[in-house]
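Architecture and fold: a report
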Amino acid sequence: MKKLILLLFTCFIVYQANSQDAQTILTKVDQNMSSTNRISESSMTIHGKRSSRTLTSKTWAVGTKKSYTEYLSPASEQGTKMLKLENQLWIFSPSTDRIIQISGHLLRQSVMGSDLSYEDMMEDRKLTDIYTAKISGEEKIEDRTCNVLELTSKVADVAYYSQKIWVDAERFVPLKQELYAKSGQQLKLVELKDVKQIDGRWFPTTVIYKDILKGGKGTEMKMMDIKFDQPIPDHVFSKASLKQ
Amino acid sequence: MLAIQLAIKNLLGAGLRTWLNVAVLSFAFVVIVFYNGMLDGWNRQALKDTREWEVGNGQLWHPAYDRYDPFSLQEAHAPLSGEVVSLVQRKQLTPVLITQASAYPKGRMINIVLKGIDPDQQMLKLPTSLLKEDSGEIPALIGKRMAQSARLKTGDKVLVRWRDKNGTFDAREIHIAGVFDANVPSVDNGQFWIPLGNLQQMTGMENEATLLVAANTHTVQKTGIWEARDLDFLLKEFNEIMDSKKGSSKVIYFLLLAIALLAIFDTQVLSVFRRQKEIGTYIALGMTRAEVVRIFTVEGSAHSFLALLLGALYGIPFLAYLAKTGIPMPKSAGEAGIAISDSIIPVYSAGMVVTTILLVVITATVVSYFPARRISSMKPTEALKGKIQ
């Protein structure tokens, strides 16, 4: 009996330690991926069935609540602006000269035909805020040793109930993410590449999103320039700035 | 009586001219009956189908529900209260839960509406008994339009993704248990019907509904939070479409009638002009001017009676044939979102036929009277000489 209790206690301690490690890893991931604010310039290449097209944009973001994006090219999308404040999203299209609030089923539409939905863009909370983690193993991705973490939601209002995430064991940057539905059905695959050290943190500069249900080659986002913790005036995050 | 005898004699004596007028007027008469019959038939069939397939004898709606606003679905659901549950158990109401989802047939993404309904319900014509299968998968019913646009058929499996009440994604494979053929596009386009219990469990909305459909034996009235929507409300748009259709159809058949009446008017003007000696003789024989006007008016309006007889001669077999076989409608007609069957069976009500007969006879009499009125200002002596007045 004593042996059994000892065994159970040991298992509990190991589980706690494992869980603690996983949570620490996740915190470090959040530290790398989140910032007080950031200004970035990126390109988004959408691979269609017949052809691919690339859009470039500049984004100003403060924490996870506020972000403002302006599309720079191609000419057809130039001047399109998106403003996210908390859980609300507005889009300004210069061709119609109108500001539209995206809500309801429109949030499920893809952004500019990409594999990302507006909902995906809205889901920006820190992983530690919404998931509990446990380490399920160790794998290599392109010669980098990764801890494989299984994340399960700890809050009700989360888009993806669970995730499997491959975190670089040394740099604490996710290199691959599998996003799952409540039923266990995989919905999205995210591959993060070209990890660079920027302002003292490791950050992936290429992200490939694939909607598993839709098929296709996915959408590739490349960070061309990113600056962390830059001063951003408050007026940027106002509806008035959409029409400027 | 003399007026009628003279009118018939004169009409038959005019030969081809009379028969041309009568033929045109009879054609207008038959077309009016046909068009009105077709609209009445469509109206009757569409109302019957919409009640049987979609609205029942009225509905109870969650206050936030707006059938034209998919955004409202997020909030438009609530648990069924004891009173409502008792009506559901007595088969007076059947609950329907509605949520938005995405389906992925063969890698394509389409936005759909998932509707949960009791597989045992018998208020709506939907073949929900097909949803009773117990294969461990979620069975779904889709309409032929949905099947066509998503390229799905019975037995196919399709992955469907939705969000539960907290906004968490979930996805499962759904099995197409049957494809129904409904004339009502609003139960078909972009919709998957699945068992209510499944949808409640999938979304975490246990014992909740968006709306309730009333049985024919139940009159809807506000129950708890549930707002009553009677047939006048639910069929308002359709009735407006029918009114507008009837309005536009009137333009067509008034034009046709105007052509026929113009021919009668011309004939009357010509008769008064060419038959002055005859008019003079009538007056010389002791008839008053009013009696002569009556003879000419009866003669003109007799066109309409002959037209009715001729119209009946070829119209009855033609219209009866259409009432038997129906008027085929193009396949695309139902895609406009209006309830319309593959063929419309026209309905010729006695009221509609009598109204049309009165319309033809009265208008023919009126247009016959106006040219004949000139007779009252004629001088009999001049008329006898045939001098143009």
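Here the residue index of a chain counts from 1 through its sequence in written order. A letter from A marks each chain and a number from 1 marks each ligand, given out in the order of writing. Where local features are concerned, this predicted model is filtered to residues with pLDDT of at least 70; where side-chain atom pairs are given and counted, the filter is 80 or more; whole-chain, interface and lining totals use all residues.

Brief notes about the overall build of chain A
Where helices and strands are cited, they refer to DSSP runs of H or I of at least four residues and of E of at least two residues respectively, numbered from the N terminus. Broken down by element type, chain A carries four helices and 13 strands. Any residue whose C-beta has 12 or fewer other C-beta atoms within 10 Å is treated as exposed, any with 20 or more as buried, and any in between as partly exposed, C-beta atoms being built from the backbone. Across the 244 residues that make up chain A, the buried fraction comes to 29%. When contacts within chain A are restricted to residue pairs at least 6 apart in sequence, long-range pairs at least 24 apart make up 43% of them. Distance between backbone-placed C-beta atoms decides contact: two residues are in contact if it is within 7 Å.

Observations regarding the nonpolar core
Counting residues in each nonpolar core, the largest one holds 64 residues, and the members touching the most others are A140, I142, F192 and I194 of chain B. Here, a nonpolar core denotes buried Ala, Val, Leu, Ile, Met, Phe, Trp, Tyr and Cys residues that are linked to one another through C-beta atoms within 7 Å. Counting 34 residues, the second largest nonpolar core, distinct from the first, contains V22, I283, V292 and A372 of chain B.

Focus on the interface of chain A and chain B
Contacts between the two partners involve 18 residues from chain A, matched on the other side by 19 residues from chain B. Residues are grouped as follows: Ala, Val, Leu, Ile, Met, Phe, Trp, Tyr, Cys and Pro are nonpolar; Asp, Glu, Lys and Arg are charged; all remaining types, including Gly, are polar. Looking at the side of chain A that touches chain B residue by residue, the class counts come to eight nonpolar, six polar and four charged.

Some details on the confidence of the model for chain A
Residues and elements named next belong to chain A. pLDDT is defined as a per-residue confidence score from the predictor, taking values between 0 and 100. Across chain A, the average pLDDT comes to 84, with 87% of residues at 70 or higher. The weakest mean pLDDT in chain A belongs to helix 1 (residues 2-33) at 66; the strongest belongs to strand 9 (residues 162-168) at 95. Low pLDDT, under 50, characterises residues 9-19; the stretch is placed with three contacts to residues that sit more than four places away or in other chains.

Re the domain arrangement of chain B
Just so you know, the domain bounds were taken from an automatic or database domain assignment. The assigned domain composition of chain B is domain 1 (2-52 + 237-385) and domain 2 (59-229). Here the C-alpha centre of domain 2 of chain B lies 51 Å away from the C-alpha centre of domain 1 of chain B.

Brief notes about the packing of helix 7 (residues 236-274) of chain B against helix 9 (residues 289-325) of chain B
Residue and element names in this part refer to chain B. Running from N to C, helix 7 and helix 9 point in directions that differ by 150 degrees, and their axes come no closer than 10 Å. Here helix 7 lies roughly antiparallel to helix 9, going by the angle between them. Every pair of crossing elements has a handedness; the one defined by helix 7 and helix 9 is right-handed. In this structure, helix 7 contributes I264, Q268, S271 and V272 to the contact, and helix 9 contributes F296, G300 and H303. The residue inventory of the contact of helix 7 with helix 9, partitioned by class, reads three nonpolar, four polar and no charged. For helices, the fitted axis covers only the stretch in contact; all axes are lines through C-alpha atoms, and the angles between them, taken along N-to-C directions, range from 0 to 180 degrees. Any angle that falls under 35 degrees is termed roughly parallel, while one over 145 is termed roughly antiparallel, one within 65 to 115 roughly perpendicular, and all others oblique. By convention the crossing between two helices is left-handed if the near helix lies anticlockwise of the far one by an angle smaller than a right angle, and right-handed if it lies clockwise.

Details of the UniProt feature "transmembrane region" (unreviewed entry) in chain B
All names here are of chain B. According to UniProt, the feature "transmembrane region" (unreviewed entry) maps to residues 19-38, 251-273, 304-323 and 343-370 in the numbering used here. Counted over residues 19-38, helix gives 100% and strand 0%. Its end C-alpha atoms are 28 Å apart. The annotated region residues 343-370 carries 75% helix and 7% strand content, and the separation between its end C-alpha atoms amounts to 44 Å. UniProt positions are given in the numbering used here, feature names are shortened, and annotations may be inferred rather than shown by experiment.

Observations regarding the domain arrangement of chain A
Residues and elements named next belong to chain A. Looking at chain A, the domain boundaries give domain 1 (2-33 + 124-223) and domain 2 (37-113 + 230-242). Tallying the contact residues gives eleven residues for domain 1 and nine residues for domain 2. When grouped by side-chain class, the residues that make up the side of domain 1 that touches domain 2 number two nonpolar, three polar and six charged.

Section: the environment of R67 of chain B
With respect to the helices and strands, the residue R67 of chain B is situated in the loop between strand 1 (59-61) and strand 2 (78-79). It is 26 Å that separates the C-alpha atoms of R67 of chain B and S86 of chain B, two residues lying 19 residues apart in sequence.

With respect to the packing of helix 2 (residues 16-55) of chain B against helix 9 of chain B
Helix-helix packing is characterised by the crossing angle of the two axes and by the distance between the axes. Residues and elements named next belong to chain B. Across the interface, helix 2 lies against helix 9 with an axial gap of 8 Å and an inter-helix angle of 50 degrees. Our classification of the angle between helix 2 and helix 9 gives oblique. Seen along the crossing, helix 2 lies across helix 9 with a hand that is right-handed. In contact with N21, V22, A23, L25, S26, F29, V30, V33, F34 and G37 of helix 2, helix 9 contributes H303, S304, L306, A307, L308, L310, G311, G315 and L319.

A few points about unusual backbone geometry
Glycine aside, residues mostly have negative phi angles, and peptide bonds mostly take the trans form. Here the amide bond leading from S73 of chain A into P74 of chain A is cis, since omega sits at 0 degrees, within 30 degrees of zero. Assignment of secondary structure puts P74 of chain A in the loop between strand 3 (66-73) and strand 4 (81-85). Here the phi dihedral of K91 of chain B falls at roughly 60 degrees; this positive angle occurs in a residue that is not glycine. If you trace the backbone, K91 of chain B turns up in the loop between helix 3 (82-89) and strand 3 (93-104). Under the C-beta neighbour-count criterion, K91 of chain B is labelled partly exposed, with 15 such atoms within 10 Å. Positive phi, close to 50 degrees, is recorded for R151 of chain B, a residue that is not glycine. Structurally, the position occupied by R151 of chain B is in the loop between helix 4 (144-150) and strand 6 (157-163).

Topic: the environment of E137 of chain B
All names here are of chain B. When you line up the elements, E137 lands in the loop between strand 4 (110-117) and strand 5 (138-143). Taking the C-alpha atoms as reference points, E137 and N198, separated by 61 residues in sequence, lie 9.9 Å from one another. Each residue touching E137, except ones within four places of it in the same chain, is listed here: E173 and H175.

Things to note about the environment of L256 of chain B
Residue and element names in this part refer to chain B. Tracing the backbone shows L256 in helix 7. For the pair L256 and D156, spaced 100 residues apart in sequence, the C-alpha separation works out to 53 Å. Ignoring anything within four residues of it in the chain, the contact list for L256 reads A28 and V31.

Details of the pairing of strand 7 (residues 169-180) of chain B
Residue and element names in this part refer to chain B. Whether two strands pair comes down to DSSP finding at least two bridges between them. Bridge count between strand 5 and strand 7: six bridges; the pairing is parallel. The partner of A140 across the bridge, within strand 7, is I176. Strand direction decides the pairing type here: strand 6 and strand 7, joined by seven bridges, are antiparallel. The residue of strand 7 that forms the bridge with L159 is E173. Between strand 6 and the antiparallel strand that follows it, strand 7, lie five residues; G167 among them carries a positive phi value of about 95 degrees.

Observations concerning the pairing of strand 9 of chain A
All names here are of chain A. Here strand 9 lies mainly inside the structure; five of its seven residues are buried. Sheet analysis places strand 8 (residues 144-153) next to strand 9, joined by seven bridges and oriented antiparallel. By the bridge assignment for strand 9, C146 is matched with D168. As paired strands, strand 9 and strand 10 (residues 174-180) are joined by six bridges and run antiparallel to one another. Looking across to strand 10, one finds that Q163 is bridged to L179.

What about helix 9 of chain B?
Residues and elements named next belong to chain B. Take the residue count of a helix, subtract one, and multiply by 1.5 Å to get its expected span. In this model helix 9 runs 53 Å from its N-terminal to its C-terminal C-alpha over 37 residues, within 8% of the 54 Å that 1.5 Å per residue would give. We define the bend at each residue as the angle formed by axes fitted to the 7 residues ending at it and the 7 residues starting at it. Largest kink in helix 9: about 40 degrees, centred on G315, with the proline P317 one to four residues after it. Looking one or two places after helix 9, you find G326, whose phi comes out positive at around 85 degrees.

What about helix 10 (residues 350-372) of chain B?
Residues and elements named next belong to chain B. A rise of 1.5 Å per residue sets the reference length of helix 10, with its 23 residues, at 33 Å; its end C-alpha atoms lie 33 Å apart and thus fit the reference within 8%. Of all the residues in helix 10, the buried ones are T356, V360, T363, A364, V367, S368, P371 and A372. Elements that come into contact with the buried residues of helix 10 comprise helix 2, helix 7 and helix 9.

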